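# Results of the structural survey
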Amino acid sequence: MKANSSLRVGKDAVTDFLARLNTLSAAIVKSAEANAVKENRKTIMANDIKEAMTTVTGSTSDLPFLFKQIEKLNAKDTADLAALISTWVEAH
C-alpha cells in the first residue's frame, strides 16, 4: 500500500486490507477450482481465474450478466435506475 500511495498508511489499514485480500483470494480460488472441475480438469487455468474474478466480484462488462443483476432489483430500485439511465442518455 505504501508503495502505491503518497499518504501514510495506518497499521490497522494494512491488517484489514490483507485480511480482505486473503478472503477474496480464497473465494476466487474456490470458484476457479469449481470451473476447472466442471470442465473435468485437474488444473486451474488462467481463464478459470478470470471467470472466478467476475463471479466473485461481480465485475463484468458482460451484458447478460449485468441484466441478471438488474432483474434482482425491486420495483423502486428499478425505477431509480431507469431515472439514472434517462438522465445519462439526455446528457450524452
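Note that the structure is predicted; figures quoted are calculated from it, not measured.

Attention shifts here to the confidence of the model for the chain. The pLDDT averaged across the chain works out to 90; a share of 97% of its residues lies at or above 70. When mean pLDDT is compared element by element in the chain, helix H1 (residues 11-38) scores highest at 95, while helix H3 (residues 63-71) scores lowest at 80.

Mapped onto the elements of the fold, Ser31 is located in helix H1. Contact partners of Ser31, with chain neighbours within four places excluded, come to Ala52, Thr55 and Val56.

Right, let's get into a nonpolar patch on the surface. Side chains of Met1, Phe17, Leu18, Leu21, Leu24 and Val56 sit close together on the surface and give an oily, nonpolar patch of about 480 Å² of accessible area. If you tally residues by element for the nonpolar patch, the top one is H1, at four residues. With respect to the helices and strands, Leu24 occurs in helix H1. Residue Leu24 is classed as partly exposed on the basis of its relative accessible area, which comes to 31%.

The rules behind these values
- Residues numbered from 1 in each chain as written.
- Predicted model: local features only at pLDDT ≥ 70, side-chain atom pairs only at ≥ 80, totals over all residues.
- Heavy atoms only, no water.
- pLDDT = per-residue confidence, 0-100.
- Helix = DSSP H or I, 4+ residues; strand = E, 2+ residues; numbered from the N terminus.
- Contact = heavy atoms within 4.5 Å.
- Patch = residues over 30% accessible without salt bridge, like charges linked within 9 Å, V, L, I, M, F, W, Y side chains within 5 Å.
- Areas by Shrake-Rupley, 256 points an atom, 1.4 Å probe, with all protein chains shown as cover.
- Salt bridge = Lys/Arg side-chain N within 4 Å of Asp/Glu carboxyl O.
- Buried < 20%, exposed > 50% of the residue type's maximum accessible area, 1.4 Å probe, protein only.

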